[in-house]
Amino acid sequence: MTANVANPTPSQQAGLVEALAEHHVQPLWDRYKTLNTREPQYYEPMIWPWEVMEKLVERACNEVSMEEAERRALLFCHPAFPGTVFTTPTLSGALQVLEPGESAHAHRHTLAALRLVMEGDGAETITDGKVCPMIPGDLILTPAWAWHEHRHNGTKRMVWFDGLDYPLSRFYGTVFFEVGPGPIPDRGLANMADEALSVAGVLPDGDKDAVPYSPLFRYPWSQVSQALSALIPARDGSRLVRYTNPVDGGPVMPTIDCYALRLDDGVRTTPARSTATAMAVVIEGEGETRIGERTFTWKKNDVFTLPRWQWIEHSSTGAPATLFLMTDRELTKRIGHLREEKAQD
């Protein structure tokens, strides 16, 4: 039997669309060009300057006690994702604050998270029982379903950047949360002190497959900075290092991939674009980043987004500058969606 599709009237087509909608079905023929975009979806880059955020941090400390807050955190919410607390389509960022003598009790969640220390001294994060001192520039991991808490026994206010894969977890609908304290499970090498891991290029004998994330929970800034200084610059003069899992050389966590980019005075990176999305935190120095047609000037402790598939170039002004980059690059690569391009020299 051959269907009669000759010259259907607009009202007939509208009636069909309505009939489909009654059964939660949609037609492809009138929307395939919007469903299959020629390039990845665009969203505006955003920047949260420290000179603005510092005042809001001050207010939060004065007006919100830890007795009424699970965490005193200020969430970076991109207006392109209304009704959410997403910063990018796959990553969320925030600033978290502890005053001297305060603590944030133990909990765990299926969200993978990290801390990039920005200000203060004397605090520590305890991840699955492992104590991680928090010194400005340090990267601290709190992997998925790991118990973690924060204590501040120092004398200065602590501020750090929180990075999470919250949008991804919400998409999958796999968010679990549990209040601690709770028993520390056997996690193979991750139960060992960081000092016993990856020293002199060797690893202790142990269960290397117990967890899918790095058994190192703290990456000291002093060591990262030393590695950057020792690195031979790329052709454009930049220096880029990756925070890796010492067991397999992969990302620190399956859904979050981290890098540090150093720009000597006057260095401008070769324009590049990627289908991975990222957030940047300025560890030191000043400079500017061009993202498509937008240009942001930045300095220490500023936070900004790097949208996917936009031509991006970074440059420093004055003294050397270093950016911490939290990305979804490895995840994008593993699902076969990573595409990267660099401008021709």
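Below or above, wherever it landed, is the structure these notes cover.

Rules of the game
Residues numbered from 1 in each chain as written. Predicted model: local features only at pLDDT ≥ 70, side-chain atom pairs only at ≥ 80, totals over all residues. Heavy atoms only, no water. Buried < 20%, exposed > 50% of the residue type's maximum accessible area, 1.4 Å probe, protein only. Helix = DSSP H or I, 4+ residues; strand = E, 2+ residues; numbered from the N terminus. Pairing = 2+ DSSP bridges. Expected span 1.5 Å × (residues − 1). Arc of directions from axis to C-beta. Contact = heavy atoms within 4.5 Å.

### Brief notes about the pairing of strand β10 (residues 158-164)
On any regular strand, side chains alternate: one points to one face of the sheet, the next to the other face.
Working step 1: By the criterion of burial, β10 is predominantly enclosed, with seven of the seven residues buried.
Working step 2: Taking every second residue as pointing to the same face, both faces of β10 are buried, with Met158, Trp160, Asp162 and Leu164 on one and Val159, Phe161 and Gly163 on the other.
Working step 3: In this sheet, β10 lies alongside strand β3 (residues 92-98) in antiparallel orientation, the contact comprising seven bridges. Opposite Ser92, over in β10, you have Leu164 as the bridge partner.
Working step 4: With six bridges connecting them, strand β5 (residues 113-119) and β10 associate as antiparallel partners. Bridging across to β10, Glu119 finds its partner in Val159.

### Focus: the environment of Glu341
Working step 1: Among the structural elements, Glu341 can be located in strand β22 (residues 340-342).
Working step 2: Taking the relative accessible area as the measure of exposure, Glu341 reaches 32% and is therefore partly exposed.
Working step 3: Considered as a pair, Glu341 and Ser169 are 172 residues apart in the sequence and their alpha carbons are 28 Å apart.

### As for helix α3 (residues 50-63)
Working step 1: The end-to-end C-alpha distance of α3, which contains 14 residues, comes to 19 Å, matching closely the 20 Å that a straight helix rising 1.5 Å per residue would cover.
Working step 2: Of all the positions in α3, only Trp50, Met53, Val57, Ala60 and Cys61 are classed as buried. One face of α3 carries all of its buried residues, which in axial projection span an arc of 95 degrees. Facing away from the buried surface of α3 by more than 90 degrees, the exposed residues are Lys55 and Asn62.
Working step 3: Packed against the buried residues of α3 are β1 (47-48), β2 (73-76), β3, β5 and β10.

Remember that the coordinates give geometry; whether it matters functionally is a separate question.
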